[in-house]
Amino acid sequence: MVKEYNAKSITVLEGLAPVRVRPGMYIGSTGSKGLHHLIWEIIDNSVDEHLAGVCTDITITLNNDGSVSVEDNGRGMPTELHDNTLEYPKTIYPRGVSAERILLTVLHSGGKFNNDNYVYSGGLHGVGVSVVNALSSYMKVEVFKDSKHYVDEYVDGGNAITELENGELKSVGFTRKRGTKITFMPDSTIFENITFQKPIIIKKLKEIAYLNKGLTMTLVDKSVNPSTEDVFHEEEGLVGYIKDLTSNKDVLYETPISITAEGEDCYLEFAMQHTQDYNEVIVSFCNNINTIEGGTHVTGMKSALTKTINKFAAQLNMLKNKNSTMDGKDIRTGLNAIINVKVKNPQFDGQTKSKLGNLFVKTSVETLLSKELEVYFDKDLELVKTIIEQSLKFEKIRVSEGKSKENALRKPSVGNKKLASCQQSYNKAKGILTEIFLVEGDSAGGSAKEGRDRKFQAIFSMFGKSLNVEKVSEEKASSNQKLLPIANAIGVQMGAEDIAGLKYDKVIIMTDADVDGAHIRTLLLTFFYRYMRVLIDEGHVYFAMPPLFKAQKGKTLNYFYDDSDFAKWLKTTKNTESYMIQRYKGLGEMNPDQLWETTMNPATRKLKRVSIEDAMEAEQITTTLMGDKVPPRRQFIEENYDRAILDL
């Protein structure tokens, strides 16, 4: 029976209620990423005070009860009456309420909708602190302003328990401090887990320090005894960031290039250093927000670099002829660059703020950077000659290997022989979500083909270990006869910046749960990270999680996906000797029905989505583990050996 749909079916949510009903719309998820996003929202407000030139110190405290406090020495939230509250429904507020109370309880309120208070700011949506309040079981706001200490408290998602006096927030005493302190406890009924991870916070604070030269951030951990304190302060700014990014690489020149410039509508910070490998690494930010998908500032930066290097190459007579130019791709081979622009009223693609869209920024960055690079290189012609010589070397390699690539593309693709396609065609708009399993070997591939649901699951049987792309040029990687069929099967070209042509919603790496399987998985991840990163960024790459153990007693089956779960079962189960226990060494040992039930059936399987939380760490680990330098790899293994899983 179809229910009637009329005016009574419409629900109107006021205040902070929409946030609690649909938290994912505001913070992305209710998992670990969304939980830590609460801290970032509060810290962003304090960093905005630093960008405004009124804050030098931020202290983040992990309290022993699981709550978090963020305190800055900025101007302090405004506490005086806000006389514009007639704009809001009377059910929310009468006329004349403390501005602090409005900031904490009304969405899209704030001082960042014009450029009077914050010239450059990332938090433009006005939902930050109010969203954190909505998703907290308790929040305490302390304002230190004009020698007065103000306190305002909330419970159960933003319900104020502090009484106002004629709409005003009352002072609780005298203070010599200045700034704002916010303490909050995430709501356990909303989040999957409310335990904050210190390593995640440390990574974020380190990044913020790089981007805000001179800002001091202190992380105090009171959840351990004795308490600990970590200080983050970066005097070198982006130069320090570049040095860390290239620490395990062979650099082309020792001192990173660093440039700052300001125009009428854009402030630019830029640092770069070329290495002697084949990879291009560009990390971009706008108003301290990591624009992982790039945007107009990155486009302008690439254009300025190409134009300037070509100009010097022509002036120094290093090109074949007067009319020839070098391709920007050759100039950027081996490049490690970081760009952080500060823009008034930045426009991002979506609430996730992953791509900058302001068109004027491209022109501004290109103009500013071109001018400053010319000045920089005029003072050091040997440096620009070194860059040009490497660019020309990579150009020769690209042209030479390009011919090999053309020959490879002319050959009949062997990928079709390895691909068992599915019946449906991927169409996200219509809800047809197909998936492809990249399976190790023909034996496992055979079981997967028999056990799958042919309607929406495709199988690609890989042939042996793939190429380590970290050690070869892009041309060589893109013509490789083990990698090219994988890209063709998925439908996304190597190096593509969008997923047009994608044939599957999920690309699932399914390898044996042993050392060889882990190696194959690492090689594939390196390939995706370097040449098809858009798949990772947009959440299409997954790991299948085949079980390690099977315990069977009659018709009762128990599968265990890691050693700790199996060990726990052994301790808590009586008469384990009556079970037949099998340790799976490979997917080929599982019959099709078992493989389907444990690893491929969407209703019962476990998948891990691959994501990049920290661009610099991902870059460093990839280079360390897959690059040419042996000492850093040895050091990494020695420092992390106790976290390794041995397969005996």
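Residues numbered from 1 in each chain as written. Predicted model: local features only at pLDDT ≥ 70, side-chain atom pairs only at ≥ 80, totals over all residues. Heavy atoms only, no water.

Per an unreviewed UniProt entry, the chain carries the name DNA topoisomerase (ATP-hydrolyzing) and comes from Sedimentibacter saalensis. Quoted verbatim from the Cofactor (unreviewed entry) field of the UniProt record, the comment on the chain reads "Mg(2+)". The record in UniProt for the chain states the following under Catalytic activity (unreviewed entry): "ATP-dependent breakage, passage and rejoining of double-stranded DNA." (UniProt positions renumbered as here; feature names shortened; annotations may be inferred.)

(A) Summary view of the overall build of the chain. For the chain, the count of helices and strands is 21 helices and 25 strands. Of all 648 residues assigned to the chain, the portion counted as buried reaches 50%. Relative to all contacts within the chain whose residues are 6 or more apart in sequence, the contacts with residues 24 or more apart total 68%. Accessible area of the chain: about 31800 Å², with a carbon and sulfur share of 49%. (Helix = DSSP H or I, 4+ residues; strand = E, 2+ residues; numbered from the N terminus. Buried < 20%, exposed > 50% of the residue type's maximum accessible area, 1.4 Å probe, protein only. Contact = heavy atoms within 4.5 Å. Areas by Shrake-Rupley, 256 points an atom, 1.4 Å probe, with all protein chains shown as cover.)

(B) Local environment of helix α10 (residues 359-378). A rise of 1.5 Å per residue sets the reference length of α10, with its 20 residues, at 28 Å; its end C-alpha atoms lie 30 Å apart and thus fit the reference within 8%. Along α10, the residues classified as buried are Val 361, Ser 364, Val 365, Glu 366, Leu 368, Leu 369, Ser 370, Leu 373 and Phe 377. (Expected span 1.5 Å × (residues − 1).)

(C) Broad picture of a negative patch on the surface. Negative charge collects at one region of the surface, where Glu 293, Asp 349, Glu 497, Asp 498 and Glu 538 lie side by side. Relative to the helices and strands, Glu 538 resides in the loop between α17 (533-537) and β21 (541-544). (Patch = residues over 30% accessible without salt bridge, like charges linked within 9 Å, V, L, I, M, F, W, Y side chains within 5 Å. Salt bridge = Lys/Arg side-chain N within 4 Å of Asp/Glu carboxyl O. Lys, Arg positive; Asp, Glu negative; His and termini not counted. Charge placed at Lys NZ, Arg CZ, Asp CG, Glu CD.)

(D) Representation of the pattern of salt bridges within the structure. One pass over the full model with this rule turns up 19 salt bridges. Taken together, the shared-partner salt bridges in this structure form one network comprising Lys 198, Asp 221 and Asp 230.

(E) Quick peek at the nonpolar core. Counting residues in hydrophobic clusters, the biggest one holds 45 residues, and the most contacted among them are Ile 43, Phe 184 and Leu 205. At seven residues, the largest contribution of residues to this core is made by helix α3 (residues 32-51). By size, the runner-up hydrophobic cluster in this structure holds 38 residues, among which are Ala 261, Ala 304, Leu 368 and Leu 369. (Core = buried A, V, L, I, M, F, W, Y, C linked by side-chain atoms within 4.5 Å.)

(F) Expanded view of the pairing of strand β12 (residues 257-262). Residues Ile 257, Ile 259 and Ala 261 of β12 are buried on one face, while the alternating residues Ser 258, Thr 260 and Glu 262, pointing to the opposite face, are not. Counting the residues in the hairpin turn of β12 and strand β13 (residues 266-274) gives three residues. (Pairing = 2+ DSSP bridges.)

(G) Quick look at the sheet that holds β21. Pairing in this open sheet of six strands is mixed, and the strands run β17-β19-β18-β20-β21-β25 from one edge to the other. What marks the edges here is a single partner per strand, and that holds for β17 (419-420) and β25 (607-609). As paired strands, strand β18 (residues 435-440) and strand β19 (residues 457-462) are joined by six bridges and run parallel to one another. Following the sheet pairing, Glu 440 is matched in β19 by Met 462.

(H) A look at the confidence of the model for the chain. Here the chain averages 84 in pLDDT, and 83% of its residues register 70 or above. Within the chain, the element-level pLDDT minimum falls on helix α21 (residues 630-640), averaging 52, and the maximum on strand β1 (residues 57-62), averaging 98. Within the model, the stretch residues 122-126 combines pLDDT values under 50 with 20 contacts to residues more than four positions away or in other chains. A low-confidence stretch, residues 640-648 (pLDDT under 50), is modelled with seven contacts involving residues beyond four sequence positions or located in other chains. (pLDDT = per-residue confidence, 0-100.)

(I) Quick look at the pairing of β1. By the bridge criterion, six bridges tie β1 to strand β10 (residues 216-221) in an arrangement that is parallel. Within the sheet, the bridge partner assigned to Thr 59 lies in β10 and is Thr 218. In terms of strand pairing, β1 meets strand β2 (residues 68-72) through five bridges, oriented antiparallel. Bridge pairing in β2 links Ile 60 to Val 70. As consecutive antiparallel partners, β1 and β2 are separated by five residues, and within that stretch Gly 66 has a phi angle of approximately 95 degrees, a positive value.

(J) Here's a closer look at the packing of α3 against helix α6 (residues 198-211). Following both chains from N to C, one finds α3 and α6 inclined at 30 degrees, their axes separated by 11 Å at the closest point. By the angle between their directions, the pair α3 and α6 is classed as roughly parallel. The way α3 lies across α6 gives a crossing that is right-handed. Residues Ser 32, His 36, Ile 39, Trp 40, Ile 43 and Val 47 of α3 form the contact with α6, whose own contacting residues are Ile 200, Ile 201, Lys 204, Leu 205 and Ile 208. Among the residues making up the contact of α3 with α6, the classes are represented as eight nonpolar, two polar and one charged. (Axes fitted to C-alpha atoms, helices over the stretch in contact; angles between N-to-C directions. Parallel < 35°, antiparallel > 145°, perpendicular 65-115°, else oblique. Left-handed = near helix turned anticlockwise from the far one by under 90°. Nonpolar A, V, L, I, M, F, W, Y, C, P; charged D, E, K, R; others polar.)

(K) Focus on the packing of α6 against helix α7 (residues 238-245). Taken N-terminus to C-terminus, the directions of α6 and α7 make an angle of 130 degrees; their axes are 7 Å apart at the nearest point. Here α7 runs oblique to α6, going by the angle between their axes. Between α6 and α7, the residues in contact are Lys 206, Glu 207, Tyr 210 and Leu 211 and Leu 238, Gly 240, Tyr 241 and Asp 244, respectively. Looking at the contact of α6 with α7 residue by residue, the class counts come to four nonpolar, one polar and three charged.

(L) Fine view of the sheet that holds strand β16 (residues 335-343). Sheet architecture is open: five strands sit in the order β12-β13-β16-β14-β15, paired in mixed fashion. The strands lining the two open edges of the sheet, one partner per strand, are β12 and β15 (289-290). With two bridges joining them, strand β14 (residues 281-286) and β15 adopt antiparallel strand pairing. Bridging from a neighbouring strand, Phe 285 pairs with Asn 290 of β15.

(M) Representation of the side chain of Lys 550 in the model. As for its placement among the helices and strands, Lys 550 is situated in strand β22 (residues 549-553). There is a polar contact of 3.4 Å between the side chain of Lys 550 and the side chain of Gln 552. (Polar contact = N/O pair within 3.5 Å; in protein donor to acceptor, adjacent residues only side chain to side chain.)

(N) Layout of the state of the cysteines. Throughout the structure, instances matching the rule amount to zero disulfides. Of all cysteine sulfurs in the structure, the one in Cys 266 sits closest to Cys 286, which takes part in no disulfide; the separation is 8.0 Å. (Disulfide = S-S within 2.5 Å.)

(O) Summary view of helix α19 (residues 592-600). Every buried residue of α19 is listed here: Gln 594, Leu 595, Thr 598, Thr 599 and Met 600. Each buried residue of α19 sits inside an arc of 150 degrees when the element is viewed along its axis, so together they form one side. (Arc of directions from axis to C-beta.)

(P) Expanded view of unusual backbone geometry. With an omega dihedral of 0 degrees, the bond running from Asn 225 to Pro 226 counts as a cis peptide bond. Phi is positive for Asn 166, close to 55 degrees, though the residue is something other than glycine. With a phi angle near 50 degrees, Asn 345 is a residue other than glycine that sits in the positive phi range. The topology assignment puts Asn 345 in the loop between β16 and α10.

(Q) Representation of the environment of Lys 206. Mapped onto the elements, Lys 206 comes out in helix α6. On the basis of relative accessible area, Lys 206 is assigned to the partly exposed category, the value being 37%.

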